[in-house]
Amino acid sequence: MNSNIKAIVEGLLFVYGDDGISLLDLQNVLEDVRPVTIQEAILELEKKYSSDPDCAFSIQKFGKNKYRLQTKPELHEYFAKLELEVNNSRLSNSSIEVLSIIVYKGPISKHDIELIRQAECSYQIYRLRQKKLIKAVGKTSTGANLYTITDNFFKLFNITGGFEALPQIDFASYKNQDEENDFEEEIKVTEEMISEEDVFEEDDSEGMF
């Protein structure tokens, strides 16, 4: 097999990161290469990674013929320590509100979160996904993402026992309390990011932390 094909596939897996890349997208890039040849390249890359004890990577297949480059499962405990340190940076009150709604009401769409909060929450969802505390696990009938929390949520907040260990919240008496500092910070960051087409795009892959 032409090693250049493997290099291109490996590079695309790296560039697409956690979102992964579909076999169809790989075919669109490698126009003159048969799908079976692309799949062979992926298998050869995975063999190369798994046979090299000094290599930290592996390839995960998920969804419908989507692939992503990830670290080997046996190394996750080391990377989790750094991930928790990064995620310990402060969440705004409004982000915590959105996270709480997803914890207790998920899987839930952005629209339904906004109905509960009576406030827009694109920025908060972006931040929570950035910190890998939530992920998309399905779609509504209108095609919007349904969000739920990740295992990283339980790690970050040191919660053992899963959902059953969470305290109960009365959403019937829920009232949104916006803070000026949070609002000003979110507007500023949102305006900086608005030019990036995929920042608040609803059609996202099923995330994995």
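For clarity, every value in this text was computed on a predicted model and none was experimentally measured.

Draft legend 1. Quick peek at the nonpolar core. One finds Leu 99, Ile 102, Ile 113, Leu 128, Ile 134, Ile 149 and Phe 153 to be the most contacted residues of the largest nonpolar core, which totals 20 residues. Elements supplying a minimum of two residues to this core: α5 (93-105), α7 (122-130), β5 (134-139), β6 (145-149) and α8 (151-156). If you tally residues by element for this core, the top one is α5, at five residues. With residues up to four places along the chain from it excluded, the contact list for Ile 134 reads Leu 99, Ile 102, Ile 125, Leu 128, Arg 129, Tyr 147, Thr 148, Ile 149 and Thr 150. Counting residues in hydrophobic clusters, the runner-up holds 18 residues, among them Leu 26, Leu 30, Tyr 67 and Leu 69.

Draft legend 2. Up close: the packing of aromatic side chains. The final tally for this structure, using the stated rule, is one aromatic pair. With 6.5 Å between their ring centres and 65° between their planes, Tyr 49 and Phe 57 make a pair best called edge-to-face. Accessibility expressed as a relative area gives 3% for Tyr 49, which makes it buried.

Draft legend 3. How the structure looks around the sheet that holds strand β3 (residues 66-71). An order of β1-β3-β2 is seen for the three strands of this open sheet, with the pairing classed as antiparallel. For this open sheet the edge positions go to β1 (21-22) and β2 (57-62), each flanked by a neighbour on one side alone. Across the sheet, helix α3 (residues 35-51) lies against β2 and β3, angled at about 140° from β2, the strand it touches most.

Cut-offs used in this document
Residues numbered from 1 in each chain as written. Predicted model: local features only at pLDDT ≥ 70, side-chain atom pairs only at ≥ 80, totals over all residues. Heavy atoms only, no water. Core = buried A, V, L, I, M, F, W, Y, C linked by side-chain atoms within 4.5 Å. Buried < 20%, exposed > 50% of the residue type's maximum accessible area, 1.4 Å probe, protein only. Helix = DSSP H or I, 4+ residues; strand = E, 2+ residues; numbered from the N terminus. Contact = heavy atoms within 4.5 Å. Phe/Tyr/Trp six-rings, centres within 6.5 Å; stacked < 30°, edge-to-face > 60°. Pairing = 2+ DSSP bridges. Axes fitted to C-alpha atoms, helices over the stretch in contact; angles between N-to-C directions.

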